[in-house]
Every structure is written in structure tokens, then in C-alpha cells.
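Examining the three-dimensional arrangement
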Amino acid sequence: METRARWVTATALVITASLLAAGCSNGGGGEAAPPKESGGTSTAGEGKTGDAAPEARGSITASIYDRGSIPPEEGTADNNRWTKWLVENGPADVKFVPVPRWESKEKFNVMFASGSAPDLIFEYDTAYRNELISQKQLMPLNDLIEEHSVEYKALLEKYPLLRKVATREDGNMYEFGRLNGLLTNHIFFVRKDWLDKLGLGIPQTTEELYAAAEAFVKRDPDGNGQADTLAMGVTAVGDAILNEIFQNVGYKAVDGGLVKTTENNIAKHNFVKKLYDNGLIDKDFLTDKNSEKAKQDFINGKLGFYGANGGEAYATFTALKANFPDAKVMAIPLPASEFGRFSPVIGNPVQATAAINANAKDPVAVMKYVDFLVRESTMTTLQYGIEGEHYKAGDNGCPTPIDTEKNKKEQSWTADYRMLVSAALFGECAHFKNQLNPEDPVDAEYLEIIKQADAAYLNPETPMADLTHVEQMPTLPKDLQLIVTNTAEQMKSFMQQALIGGSKVTVEQAAADSQAFWEKAGGKQVDDWYVDWYANHAEDWILTKDIYEFKIE
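Within an unreviewed UniProt entry, the label attached to the chain reads Extracellular solute-binding protein, and the organism entered is Paenibacillus antri.

Written as C-alpha cells, this is what we have:
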């Protein structure tokens, strides 16, 4: 099959490509089987021929998110079975540098300021990577890839969209990326057994969402006779989900142009303020920046609604089930607000995830490590584990877990080690559902949750509210990006004061103060730039409607 990546129409993104070289079509069903060889056999010298001596090993540093989700017996984010496997099988000695998942920007800023930032930066936040690019903290990659890459250069040739998402206006690529396909990301969990006990249906509107939230706090859903339950988490993913519900996404398209979502911002924060004023959410929610407290409340049976990130949703669910075997959980569609009905943020089909520190001492060694990470056998191992130990070939040609309990312990937390794994190239085999055991009662329940989430969140009739995926937003010029960076904390502070200040400050007043501060700082220049960008690029950019039509054939 010819391999190519192209736009078919202005509203459809289609990648037509052959699957991995060792993969095969599964009876025309679109599923790609993984390579038969075990990724565990790959070495730094794999693919070389002749009697040439092996190249000297490099020594590099690489960041790794720390979500606090690794079982203690498995180690830590920077020292566990998979970090050891990567070093033992890769071309470089790698020192992994843990970065708190929901405070990564703050951690990276400290490291860059002190000159201790890792050589290889893994970071999902495109806006933050754009800041680093504008500050010349990240290395241009064009020449490095051309002169020293084999594997990643081949990926760029097969899938030019990887080059497109990584290239800035100066013509340089600054990032490495991966192909994900169309997948869910954020999930809105609800304790379905609480709804049933209280005689409530799945909330269809924000009014019904508030009514359920109030019932979860005031009507003793856990039946212990104590007022010790909370409605929902409203930070991190919980906050992102509320933004989607109210379409509070910065800018939205109206009548062919772009406008700020000011009314949406006010409506969202008034909803949160009402929750807070009536004691339905944690009174200290502002300190729970990474939503870890909310997650523990959910796991401990004290929270009714919880916004989960795809990377930790299964682990959170299974932890709840371990504590409360009879708990019933659903992934529910987002309730409709006065602005429409939307879905949570979904995964980015073509996603930039990594970059090289401009001050990396040995960028060639970093490039060779990236080549190792995107090698077919490495991707297979990071995706499925070791053949014969974690998986075997199933009847459908996809890897089948040998021992699901073992895999939960050893693999359920590895998503952040796969930030350069192009899972879409494995077809349906790469979907997380194929790693679950339908005969296990807990896994069977989670398989149902996956079906619910896919049906609700991958429906183009109720797309995510954003203009495009945040990682596909255009890069602001350096001077405008500086305005955004310098105003972000104060803009946030205005609203936070309104949320917890009772009647002293209304959300409307906070919004007005925030807008005045924004304009005084030069923010209108940013607004005008986005309006002009949309007017000139709405027809040729990857927008939300295109993301839902992403396909691999």
C-alpha cells in the first residue's frame, strides 16, 4: 500500500498509510498485529550490519511525569522496571528527572532558571512549549534529524503531519511527536450507585448537575449517617471539564469570526461559586492544584463526580473498586449548558510531546535515544510489555494479557513512558480495552465505561468546545506570548477572589477587573492577533471539526 499523509478536503483529515512493517491487516478489519519479535530483545546496536564496533553510549537526562500513581513496590517515576529496561536496551545511559504532572510548568521553570533542565523534555502543554521556544530554550531540530536520525526521520517521511505540527514560522521543527488516532482523554465519572439510591437520573443539564451535586452532599449517598461527602472536584481535569461544559475556552467562532468567551467564563465561575458558597465542594479546593485530594476523596468513597485523565482513569477506578467492591461508576455525557452541549477534551490525533533542551550537552545522543523510543520493537514493548511475560498473541492477532493482575501492578501506570509511541500504527490492537480481561468483573465494568466514554465523547455532534485541540493552536509571536505569560496569574487571582469571597466580590466584577487588567497590559493585541489569524487560516488549519474526522486507513 502506498504510504502518504494528506488533506482530503478542508474538513477532513485522513492519513492513508501502510501499517508497521511487521504488522498485518487482520482480515480487513483494520486491526494491526504487533511485530512477532519481543521488544525486550532490541539493543542499542539493532539494525546495524557488518563488523563495525558498536557506537559509544551517550549519557543524557530526560524528564518523566510523576503522577504519584506507581505502586510503591514497583519503585518511583525515575527508578522502576521500565526506566531500567529503557537504559538496558537503549543507546544511552539515561537519568530520569521526575516532574509533578500538574505542576510541570513551575518545575521546568525552576530547572531552566538554574541551568538544570533535562536534555530531553517531555511536556504535553503546547502553550508552555511555545513559551520555551520563544525564549530560545528549545533546540531547532531540522539539521539534527537530517544528519543523525534514522527512525524518526523515516516517520517524518511517511507521516508529514508530524513535521507540520512541530514546525514554527521560522521554518524550524522544535518538537518530536506521535500518531494517536481518535481517542478519548478526559472522562467524567459519576457514582451511578449514588444516583440510583437517591432516585436521580443522569444529569442532562447544568441545573440537573447542580441538583445532583447538592443531593450528593445533603442526602447521605453513602448511607453512613454522616455529612461527609462532597459533590465534585473542580481543579485540574475537573476544572477542564467544567470549562468544556460552559464553553469557557478563550475564543469561539461566531458568524464566521472569532470572539472571546467572556459570558461563558462568567457562567462557569458562577456555577463553581454556587457550589462553594453552598458547601458542596472542598472548602480548600484552591490548594488542590493537581486534584490529588479530589482523587483520594473519590477513591475513598467521598466524592460523587470526578474528572479523570485518561492516563490515570483506570488506576483510579480500580482503587475505588478495591475499597468499595459494590460501587458503580459511569462515564457520562457532559450536561448541556445555556451555550450548548459539548464533550470533554479528547486526545490529539497528531501530537507533539517532546523537545530537546537548547543547552543539551550531547544532542546527538538525545537524538539516538529518540530514535530508539520510536523504533517498532521499543514501541511494542512500551505499549504491551514483554512478550511471554506480559502478553501473548491473541486469537484476533492482538496482544492478549497473560496475567491481568500482574499487568495492573506493572503496566497500568506507564502511559507517560509512551509519549513518543505512535499507538495509531497498531490499529485497534493498541486500544487500552484490549489489555483488559473481560472475564474479570472489575475489568468488565471498565470495558463498559470505555464504551460509554467512546460513544459520548467521540461523537462529532457533541464535540469538545474548543476551537481546536489546544495543542493545535497557533504560536503567538514572542512579544504577545509574553503578555499572556505575565498576566496569567493575576487574571486567575481575580476570579479566585470572587469564588471564595462570598458577597464581597461578584464574578461579574472579577471578570470586569480581569478584562481591564488584560487590556492595560496590552491583551487587546493578543485578541486582535487571534481574530486576524482565524480570518486568514480557518480554511486551512486543523480545527475541531477536522479532528473528529481523523482516520487511518
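To continue, consider the overall build of the chain. Within the chain, the secondary structure is distributed over 20 helices and 18 strands. Taking the intrachain contacts of the chain between residues at least 6 apart in sequence as the baseline, contacts between residues at least 24 apart amount to 75%. As presented, the chain carries roughly 23,700 Å² of accessible surface, and 51% of it is formed by carbon and sulfur atoms.

On the surface, Asp143, Glu146, Glu147 and Glu157 cluster together to form a negatively charged patch. Position of Glu146 among the secondary structure elements: in helix α4 (residues 142-148).

Of the residues in the chain, 90% have a pLDDT of 70 or more, and the chain-wide mean is 89. Between residues 1-50, whose pLDDT stays under 50, and residues either more than four places distant or in other chains, the model counts 125 contacts.

Here we come to the packing of aromatic side chains. Following the criterion strictly, the structure yields 25 aromatic pairs and no others. Arranged with centres 5.4 Å apart and planes meeting at 80°, the rings of Trp529 and Tyr530 form a pair that is edge-to-face. Both residues of the pair, Trp529 and Tyr530, count as buried. In textbook terms, an aromatic cluster arises when at least three aromatic residues are bridged by ring pairs, as seen for Phe188, Trp194, Phe216 and Phe305. Taking the ring centre of Trp102 as reference, the NZ or CZ of Arg101 above it sits at 4.3 Å.

Further remarks concern the pairing of strand β11 (residues 251-254). As paired elements, β11 and strand β12 (residues 257-260) share four bridges and run antiparallel to each other. Residue pairing across strands places Val254 opposite Gly257, the latter belonging to β12. Hairpin connection of β11 to β12: two residues between the antiparallel strands, including Asp255 at a positive phi of 55°.

This part covers the state of the cysteines. A full pass over the atoms with the stated rule returns one disulfide. A sulfur-sulfur separation of 2.1 Å characterises the disulfide bridge that pairs Cys398 with Cys429. Measuring the twist about the S-S bond at about -75°, one finds the Cys398-Cys429 disulfide to be left-handed. Taken together, the residues span a long stretch of sequence, with Cys398 in the loop between β16 (391-393) and β17 (399-401) and Cys429 in the loop between α15 (404-411) and α16 (441-457) at a distance of 31 residues. Residue classification places Cys429 among the buried positions, given a relative accessible area of 1%.

This paragraph deals with the packing of helix α17 (residues 478-500) against helix α18 (residues 507-520). Where α17 meets α18, the closest approach of the two axes is 9 Å, and the angle between their N-to-C directions is 165°. When the interaxial angle is binned, α17 and α18 end up roughly antiparallel. Handedness of the crossing formed by α17 with α18: right-handed. Of α18, the residues touching α17 (which contributes Ile483, Val484, Thr487, Gln490, Met491, Phe494, Met495 and Ala498) are Val507, Ala510, Ala511, Asp513, Ser514, Phe517 and Trp518.

Relative to the helices and strands, Arg191 resides in strand β9 (residues 187-191). One polar contact links Arg191 to Asp193, side chain to side chain, over a distance of 2.8 Å. If sequence neighbours within four positions are ignored, Arg191 has contacts with Phe216, Phe298, Gly301, Leu303, Gly304, Leu320, Ala327, Lys328 and Val329.

If you check the backbone angles, Ala236 has positive phi at about 55° while not being a glycine. Structurally, Ala236 can be placed in the loop between β10 (230-232) and α9 (237-245). The phi dihedral of Gln247 falls on the positive side, at around 55°, and the residue is not glycine.

In this section: the sheet that holds β10. Taken together, four strands build an open sheet; the order of strands is β10-β13-β9-β14 and the sheet is mixed. Unpaired on one side and paired on the other, β10 and β14 (329-331) mark the two borders of the sheet. Put simply, the sheet's adjacent strands are angled 25° from each other on average, direction ignored. Bridge count between β9 and β14: three bridges; the pairing is antiparallel. Residue pairing across strands places Arg191 opposite Val329, the latter belonging to β14. Across the sheet, α16 is in contact with β9 and β14; its angle to β14 comes to roughly 25°.

Nonpolar side chains in soluble globular proteins generally cluster together in the buried interior. Formed by 67 residues in total, the largest nonpolar core has its most connected members in Leu86, Leu120, Tyr152, Phe176, Ile356 and Tyr369. Considering each element in turn, this core owes the most residues, eight residues, to helix α13 (residues 363-374). Split by domain, the residues of this core number at least three in each of domain 1 (60-182 + 348-435) and domain 2 (186-344 + 440-549). Not counting residues within four places of it along the chain, the set of residues in contact with Tyr152 comprises Ile145, Leu162, Glu175, Phe176, Gly177, Met367, Val370, Asp371 and Val374.

This brings us to α16. The terminal C-alpha atoms of α16, which comprises 17 residues, lie 24 Å apart, in line with the 24 Å expected from a rise of 1.5 Å per residue. Burial in α16 covers these residues: Asp443, Tyr446, Leu447, Ile449, Ile450, Gln452, Ala453, Ala456 and Tyr457. In this structure, the buried side of α16 is in contact with β9, α12 (313-323), β14 and α15.

About the thresholds
- Residues numbered from 1 in each chain as written.
- Predicted model: local features only at pLDDT ≥ 70, side-chain atom pairs only at ≥ 80, totals over all residues.
- Heavy atoms only, no water.
- Helix = DSSP H or I, 4+ residues; strand = E, 2+ residues; numbered from the N terminus.
- Contact = heavy atoms within 4.5 Å.
- Areas by Shrake-Rupley, 256 points an atom, 1.4 Å probe, with all protein chains shown as cover.
- Patch = residues over 30% accessible without salt bridge, like charges linked within 9 Å, V, L, I, M, F, W, Y side chains within 5 Å.
- Salt bridge = Lys/Arg side-chain N within 4 Å of Asp/Glu carboxyl O.
- Lys, Arg positive; Asp, Glu negative; His and termini not counted.
- Charge placed at Lys NZ, Arg CZ, Asp CG, Glu CD.
- pLDDT = per-residue confidence, 0-100.
- Phe/Tyr/Trp six-rings, centres within 6.5 Å; stacked < 30°, edge-to-face > 60°.
- Buried < 20%, exposed > 50% of the residue type's maximum accessible area, 1.4 Å probe, protein only.
- Lys NZ or Arg CZ within 6 Å of the ring centre and 35° of its normal.
- Pairing = 2+ DSSP bridges.
- Disulfide = S-S within 2.5 Å.
- Axes fitted to C-alpha atoms, helices over the stretch in contact; angles between N-to-C directions.
- Parallel < 35°, antiparallel > 145°, perpendicular 65-115°, else oblique.
- Left-handed = near helix turned anticlockwise from the far one by under 90°.
- Polar contact = N/O pair within 3.5 Å; in protein donor to acceptor, adjacent residues only side chain to side chain.
- Core = buried A, V, L, I, M, F, W, Y, C linked by side-chain atoms within 4.5 Å.
- Domains from an automatic or database assignment.
- Expected span 1.5 Å × (residues − 1).

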